[in-house]
Amino acid sequence: MSLWGVHVGVAGITTVLVLFLVAPGTRYRGVVVVASAFWAVLPDGHHALDRVPTLQTQWRALHDSAFADVFWFHRLIDRSDPGDDPRRSLAMWGLFFAVVVGTELALRRRRHDR
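Residues numbered from 1 in each chain as written. Predicted model: local features only at pLDDT ≥ 70, side-chain atom pairs only at ≥ 80, totals over all residues. Heavy atoms only, no water.

Undergrad: Even after reading the chapter, I still don't get a nonpolar patch on the surface, so can you show me in this structure?
TA: Taken together, the side chains of Val18, Leu21 and Val22 make up a nonpolar region of the molecular surface, amounting to roughly 320 Å² of accessible area. Following the sequence through the fold, Val22 ends up in helix α1 (residues 4–22). Overall, Val22 belongs to the exposed group, its relative accessible area being 65%. (Patch = residues over 30% accessible without salt bridge, like charges linked within 9 Å, V, L, I, M, F, W, Y side chains within 5 Å. Areas by Shrake-Rupley, 256 points an atom, 1.4 Å probe, with all protein chains shown as cover. Salt bridge = Lys/Arg side-chain N within 4 Å of Asp/Glu carboxyl O. Helix = DSSP H or I, 4+ residues; strand = E, 2+ residues; numbered from the N terminus. Buried < 20%, exposed > 50% of the residue type's maximum accessible area, 1.4 Å probe, protein only.)

If you want it as structure tokens, here you go:
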């Protein structure tokens, strides 16, 4: 099990880099990154379903299945951090911030050079 910050970081970093390389002029980059981050933590939705035990059980089954890797390698990330180390989460957020700042500066430089 890994903290949600790691999932959001992996999804955010990957999405930002893909958009930077494939579609740098995309107008709604932030919306796409937020949607991607939401997609990455979707398997953890069972935590919010305490009042609906049947649905929570089904959602947990999704979380624990290999299908969860469709959500930005959710299961793989959970297995790589069994202790929920908050330092990994903070490191991913720091790296995510650095990637966002770096790509934004590069995009501004490209626009300025034209």
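Undergrad: Mind showing me how you'd approach the environment of Val16 here?
TA: Among the secondary structure elements, Val16 is positioned in helix α1. Here Val16 falls in the buried class, since its relative accessible area comes to 11%. Residues Val16 and Leu3 lie 13 residues apart in sequence; the distance between their C-alpha atoms is 20 Å. When neighbours within four sequence positions are excluded, Val16 is seen to be in contact with Val33, Phe96, Val99, Val100 and Thr103. (Contact = heavy atoms within 4.5 Å.)

Undergrad: Where do I start with unusual backbone geometry in this structure?
TA: The phi angle of most residues is negative, glycine excepted, and most peptide bonds adopt the trans form. Phi is positive for Phe73, close to 55°, though the residue is something other than glycine. Phe73 gets classed as partly exposed once you look at its relative accessible area, which sits at 46%. The phi torsion at Asp84 lies on the positive side, around 50°, for a residue other than glycine. Inspection of the secondary structure puts Asp84 in the loop between α4 (74–80) and α5 (86–113).

Undergrad: Would you mind going over the pattern of salt bridges with me for this structure?
TA: It is possible for side chains of opposite charge to pair when their charged atoms get near one another. Scanning the entire structure with this criterion turns up three salt bridges. Close ionic contact of Glu104 with Arg29 constitutes a salt bridge, the shortest N to O distance being 2.6 Å. Of the two residues, Glu104 is situated in helix α5 and Arg29 in helix α2 (residues 29–41); the sequence distance between them amounts to 75 residues. Using a relative accessible area of 24% as the deciding quantity, one classes Glu104 as partly exposed.

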